[in-house]
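# Understanding the architecture of this molecule
Listed below, chain by chain, are the residues.
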Amino acid sequence: EPIDGRDVITTINVNIQDITHHALLREMEYFEADHGCAVVMEVETGEIKAISNLGRTSKGKYYEKRNYAVWESHEPGSTFKLASLMVALEDKVADTSTVVDCEKGRIYINNRKVEDSKRGGYGKISLGRVFEVSSNVGIVKTIQKYYDKNPKKFTDKIKSFGLDQLTGVKIKGEGKPYIPQPSEKSWSPISLEWMAWGYGIHLTPLQTLAFYNAVANDGKLVKPYFVKELRVGGKVEESFGTEVLKEKIASQETIDKVRKVMENTIKYGTGKGIYSPNFSMAGKTGTAKKYIPRTKNAKGEYEGGYYSNQKYVASFAGFFPADEPKYSCIVVVHSPKKEKGYYGATVAAPIFKE
C-alpha cells in the first residue's frame, strides 16, 4: 500500500512505455482482438522498460484489465520453435544446414495432422530455413527423428534452458510454466511432436521473453524486474539490480547460430514484412490455434475440448539491434478477428517493429 513520503523508482522508460502502449492499442483496435500484451526488456540488465496489457470491454473499448504478461500461461505456438531448434543444435544431432524434407506441407502423426501455412509446402530445405519460414512439418519431423525414442532427452534439455521455472518477478500471480514429461500419465504418442511446434506446453509472455532475452544476452538468463529503488523522503533505502538466474543456457556456438537465423527470419522469412534497411532486428513470429476448453453450457451439454479454427493467438518475440542487442521484446495478441488477419507476422510483428 502507498505510504506518504515513500517512493518507488521503477525501471519503466516513459517514452518507450508510451510508444508500446499506443502501438499495441492501435493494432488491437484494428484487429478487434480480445486481449493482448507487449513487453520491452533491456537485454543486459533485465530491466522492464515498458509493459502494456489491454483487455476488451463488452462495448469494444480497451483498458488495463489484467497483467496478462505476468499472469497468463498459454500455449506459445511457433515462438517455441526457437527452443526446439536449440535442443537439436546443442545435442549436435542436426545443424542449421541439415536438409529436412518438409514434403508437400502436410504430414500425419498418429492420425493427427501437422500442416504448414504455405500450400504445397516447402519440399527439401535446410533446418535454418525451416525456422525462417516457420515450417511446422520441418520442425516436427526434425524433433521426431532425433528424440522419438528418447523424449526425456528433449524435455530435459528444454528444462536446462530454464523454461520450466518461474521468472520470480516481484509481481503477484505469475503463471506457472508447464513442460510435459514422458513420465506423466497424460503423455501421449504425439506429445513430443506437438511440443516441437509449441503446443501442449504453457508459458507466460514474460517467461518466453526471458528466454529470448537470454539468447540476445549471449546465453545469460537474467530475471526481469520492475523496481530499481525504494526511497524514503528522497533517500535511497533499498536498491535492486540485475539478478542472474543462469550464467549460460546454451553454448556460444548454438547462440550464434540461432541469432543468425532469427535475423534471417526478418530479412527473408516470416518477418520480412517488418524488415527495415535502417535498423536490424531478429525474432520469430508465432501463430497458435486457441484451445477451447471442455465446459458445460446452460443446457447442461458439453462444449469445447478442441482447437478452434476461428480463434488464434498471434505473437512475436525478438530483439534489436540484431548484432548487439539492446532490447528484447514480446507481443502477444489473443483472438484477433480472423477476417482481418491472425498471423503473428500480420498482427504482432508491426507492434514489435514500432
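To keep things clear, this report deals only with the structure shown in the data block.

## A short note on the side chain of Glu229
Note on placement: Glu229 falls in strand 10 (residues 227–232). Its relative accessible area of 19% is what places Glu229 among the buried residues. There is a polar contact of 2.8 Å between the side chain of Glu229 and the side chain of Arg231.

## As for the environment of Lys81
For Lys81, the location among the structural elements is in helix 3 (residues 81–90). As for Lys81 and Lys284, which are separated by 203 residues in sequence, their C-alpha atoms are 8.5 Å apart. Among all residues touching Lys81, those that are not within four sequence positions of it are Phe131, Ser134, Ser135, Asn136, Ile139, Ala196, Trp197 and Lys284.

## Structural notes on the pattern of salt bridges
In total, this model carries 22 salt bridges according to the counting rule given. Between Lys49 and Glu47 there is a salt bridge, with the nearest N and O atoms lying 2.7 Å from each other. Residue Lys49 is classed as buried on the basis of its relative accessible area of 9%. Look at Glu47 and you get buried, because its relative accessible area is 8%. Between Arg259 and Asp218 there is a salt bridge, with its nearest N and O atoms 3.3 Å apart. Here Asp218 lies in the loop between helix 8 (205–216) and strand 9 (221–222) and Arg259 lies in helix 9 (residues 252–268), a separation of 41 residues in the sequence. One network of salt bridges, in which partners are shared, links Lys92, Asp95, Glu253 and Lys257.

## Considerations on the packing of helix 3 against helix 5 (residues 136–147)
For the pair helix 3 and helix 5, interaxial distance at closest approach is 11 Å and the crossing angle is 40°. As judged from the angle between their axes, helix 3 and helix 5 are oblique. At the point where helix 3 passes helix 5, the crossing takes the left-handed sense. Along the contact surface, helix 3 presents Lys81, Ser84, Leu85, Val87 and Ala88, while helix 5 presents Asn136, Ile139, Ile143 and Tyr147. A per-class count over the contact of helix 3 with helix 5 returns six nonpolar, two polar and one charged.

Conventions and cut-offs
- Residues numbered from 1 in each chain as written.
- Predicted model: local features only at pLDDT ≥ 70, side-chain atom pairs only at ≥ 80, totals over all residues.
- Heavy atoms only, no water.
- Helix = DSSP H or I, 4+ residues; strand = E, 2+ residues; numbered from the N terminus.
- Buried < 20%, exposed > 50% of the residue type's maximum accessible area, 1.4 Å probe, protein only.
- Polar contact = N/O pair within 3.5 Å; in protein donor to acceptor, adjacent residues only side chain to side chain.
- Contact = heavy atoms within 4.5 Å.
- Salt bridge = Lys/Arg side-chain N within 4 Å of Asp/Glu carboxyl O.
- Axes fitted to C-alpha atoms, helices over the stretch in contact; angles between N-to-C directions.
- Parallel < 35°, antiparallel > 145°, perpendicular 65-115°, else oblique.
- Left-handed = near helix turned anticlockwise from the far one by under 90°.
- Nonpolar A, V, L, I, M, F, W, Y, C, P; charged D, E, K, R; others polar.

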